Amino acid sequence: MITRLQKNARFARIANRIPILRNFVGSKLFEGVSWPGEKTAAMVISFDVDYAEDEAMMPELMESLRKFGFRASVACIGKWMEIRPAAYEFLRADDVEIVNHSYSHPNHDLIDDTRKFSSISRAEMIDEVKRCHEIAVQVAGKPPDVFRAPHFLWTREMFEALKDAGYLFSSSGFYSEEAPAFSLPRIVDGVLEIPLYRRCGTYHTLRKGGTDETGWLALVRSALDIELSRGGVAVFYFDPMDFSGRLTLFEEFLSGVDKDRLWVTTLGGLCRHLST
Ligand SMILES: [Zn+2]
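About the cut-offs
Residues numbered from 1 in each chain as written. Predicted model: local features only at pLDDT ≥ 70, side-chain atom pairs only at ≥ 80, totals over all residues. Buried ≥ 20, exposed ≤ 12 C-beta atoms within 10 Å, placed from the backbone. Helix = DSSP H or I, 4+ residues; strand = E, 2+ residues; numbered from the N terminus. Pairing = 2+ DSSP bridges. Core = buried A, V, L, I, M, F, W, Y, C linked by C-beta atoms within 7 Å. Contact = placed C-beta atoms within 7 Å. Right-handed = clockwise from strand over helix to strand, strands pointing away.

The next thing to look at is the pairing of strand S1 (residues 41-49). Looking along a regular strand, one sees the side chains alternate between the two faces of the sheet. Most of S1 sits inside the fold, with 9 of its 9 residues counted as buried. Here S1 shows no split at all, with Ala41, Met43, Ile45, Phe47 and Val49 on one side and Ala42, Val44, Ser46 and Asp48 on the other all buried. Pairing of S1 with strand S9 (residues 262-265), which is carried by 4 bridges, proceeds in the parallel orientation. Residue pairing for S9: Ala41 is matched across the bridge by Leu262. Relative to strand S8 (residues 233-238), S1 is paired through 6 bridges, and the arrangement is parallel.

Within the largest apolar cluster, 83 residues are counted, with the highest numbers of intra-cluster contacts made by Met43, Val74, Cys76 and Phe236. Look past the residues within four positions of Phe236 in its chain and what remains in contact with it is Val44, Ile45, Ser46, Leu196, Tyr197, Cys200 and Val220.

Here the focus is the pairing of strand S2 (residues 72-76). Counting buried residues in S2 gives 5 out of 5 residues, a clear majority hidden from the surface. Burial along S2 is two-sided: the residues Ala72, Val74 and Cys76 and Ser73 and Ala75 are all buried. Direction of pairing for S1 relative to S2: parallel, over a ladder of 4 bridges. Within S2, the residue paired with Val49 across the bridge is Cys76. Once the chain exits S1 it traverses helix H4 (residues 52-67) before rejoining the sheet at S2, and the crossover so formed is right-handed. In this structure, S2 lies alongside strand S3 (residues 96-100), joined through 5 bridges in parallel fashion. Considered in S3, the bridge of Ala72 is made with Val96. Read as a crossover between parallel neighbours, the route from S2 over helix H5 (residues 78-83) to S3 is right-handed.

No statement about biological role is implied by the geometric values presented.
Encoded structure:
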């Protein structure tokens, strides 16, 4: 399906410059893309575990997901897994995918806030990816095959570094709300890049007060409605700590997911399917 994705992305780029065609972009984005089980659209739930408060929430969040038969992709930092392996036991379950989130998460206030991932050298990027990978294999008992850039600070150099480190899948900061190609997975310098729904993230909404719980539910539901209408994929990313005291809200969201029409998968599952 890779050539189809590339063809659709080209159409989206051109159509977006032509006002009369712009309205058709959404309906054409996923033309020729099909989902397993003849589902209408796909969904991925991912978490970024950046702090101990995030680690503490993961077992409960996985329990909630299991009630509904859903899986999750979890971006983890190598250094934290190395220091606190017990907090990452949850990764060993079959329904959890570990996503490589770099070794030291450059610009992390508790690890190293002197560097940014987007400004370190290619050799340093490769080292960040490889070190996290090795620790992930030890702690989670399985190798990650998807990368997520710290703070979503990706650069073109990053895609070269990922290939050098053996990674062909990434979900690092293309946003599903943005023209020209919205949620359509892209091929960037040979790496499959999966966009995500930025506005549905919990940081700017639930934590920082961008919207209340009702508003957040409306946001995630509208993202699913959009993808169901275009046969696309909704990839969400949440910070686990934002569901502390809000598990009911998380389950309310999960209970509303239309399992009959949505293929609920992981980032890796999505990438492998699209690579066929
Ligand atoms: Zn992070």
